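Geometric and topological summary
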Amino acid sequence: AQKVTQAQTEISVVEKEDVTLDCVYETRDTTYYLFWYKQPPSGELVFLIRRNSFDEQNEISGRYSWNFQKSTSSFNFTITASQVVDSAVYFCALSEGPGGSYIPTFGRGTSLIVHP
Amino acid sequence: EAQVTQNPRYLITVTGKKLTVTCSQNMNHEYMSWYRQDPGLGLRQIYYSMNVEVTDKGDVPEGYKVSRKEKRNFPLILESPSPNQTSLYFCASSLRVRGSPYEQYFGPGTRLTVT
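Residues numbered from 1 in each chain as written. Chains lettered and ligands numbered in written order. Predicted model: local features only at pLDDT ≥ 70, side-chain atom pairs only at ≥ 80, totals over all residues. Heavy atoms only, no water.

This brings us to the pattern of salt bridges. All names here are of chain A. Considering all chains together, one arrives at six salt bridges over all chains under this definition. Across the pair Arg63 and Asp86 runs a salt bridge whose closest N-O atoms are separated by 2.8 Å. Here Arg63 is found in the loop between strand 7 (59-61) and strand 8 (64-69), whereas its partner Asp86 is found in the loop between strand 9 (74-79) and strand 10 (88-96), with 23 residues between them in sequence. Residue classification places Arg63 among the partly exposed residues on the basis of a relative accessible area of 25%. Judged by its relative accessible area of 1%, Asp86 is buried. (Salt bridge = Lys/Arg side-chain N within 4 Å of Asp/Glu carboxyl O. Helix = DSSP H or I, 4+ residues; strand = E, 2+ residues; numbered from the N terminus. Buried < 20%, exposed > 50% of the residue type's maximum accessible area, 1.4 Å probe, protein only.)

Turning to the state of the cysteines, a few remarks are in order. Note on terminology: disulfide describes a covalent bond linking the sulfur atoms of two cysteines. Residue and element names in this part refer to chain A. The final tally for this structure, using the stated rule, is two disulfides over all chains. At a sulfur-sulfur separation of 1.9 Å, the disulfide partner of Cys23 is Cys92. One quick way to see it: the torsion about the S-S bond of Cys23 and Cys92 is about -65 degrees, and its sign makes the bridge left-handed. Of this pair, Cys23 sits in the loop between strand 3 (19-21) and strand 4 (24-26) while Cys92 sits in strand 10, and the two are 69 residues apart along the sequence. (Disulfide = S-S within 2.5 Å.)

The next point concerns unusual backbone geometry. Geometrically, the link from Asn7(B) to Pro8(B) is a cis peptide bond, its omega value of -5 degrees lying close to zero. Of note, Pro8(B) is situated in the loop between strand 1 (4-7) and strand 2 (10-13). Positive phi, close to 85 degrees, is recorded for Lys16(A), a residue that is not glycine. Within the element layout of this structure, Lys16(A) appears in the loop between strand 2 (10-14) and strand 3. The phi torsion at Ala81(A) lies on the positive side, around 50 degrees, for a residue other than glycine. Its place among the elements puts Ala81(A) in the loop between strand 9 and strand 10.

With 24 residues of chain B at the interface, the matching set in chain A holds 20 residues. Summed over both sides, the interface between chain B and chain A buries roughly 1,900 Å², with carbon and sulfur atoms accounting for 60% of that surface. On the surface where chain B and chain A come into contact, there are zero salt bridges. Joining chain B to chain A, the criterion identifies five residue pairs in polar contact (both at pLDDT 80 or more). Mapped onto the side of chain B that touches chain A, the elements with two or more residues apiece are strand 4 (31-38), strand 5 (42-51), strand 9 (87-97) and strand 10 (100-106) of chain B. Broken down by class, the residue content of the side of chain B that touches chain A amounts to eleven nonpolar, eight polar and five charged. (Contact = heavy atoms within 4.5 Å. Buried area = accessible area lost by both parts, 1.4 Å probe. Polar contact = N/O pair within 3.5 Å; in protein donor to acceptor, adjacent residues only side chain to side chain. Nonpolar A, V, L, I, M, F, W, Y, C, P; charged D, E, K, R; others polar.)

Any functional reading would require information beyond the geometric quantities listed.
Set out below in structure tokens:
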């Protein structure tokens, strides 16, 4: 069975601080996909990134970066120079690849609060 | 504009009164699903559908029904709602190319209260 753990329930930072949101996953599948979604206070869910298990390259998109490490089964998300608009709940999710379960597993989310 | 729509956005009902939450997507996605979001529990999948007339249970299907008669629509039916189904519900759609999942597009959510 697959599992996603976001151990940080809530993180509070001051604007311009860097912050890392942790995501640890478990799966028996060799082909799988990892995702991050953002849920701002308005409630909608917004896709941030998709990564497959064969691509361990880190990714940077503006102030956002993702560190995928298969050796530690982690897919951590870092926000550099955080801003108030980054305040949201962030979900990490895992989906198995072809032949695997069609049911994605979401972590319980990390609530990030960025104070001005 | 690519989108997933849900209706209603807010609903207060009483125990036992059947209700339907509609979901529609305009992206021609084959894969659609329903989730519920509860505090501290994240998102849990209720049902999913791989294509028209193909549906299957997710992690928490008890008390819910779905149907997929058309590719764009995937309604969620609560035949006899109970207070423990009070939750925030999201419909989502996505591509699956040769079985590989792509990002999900979520609807705006339906906040359901069952008294």
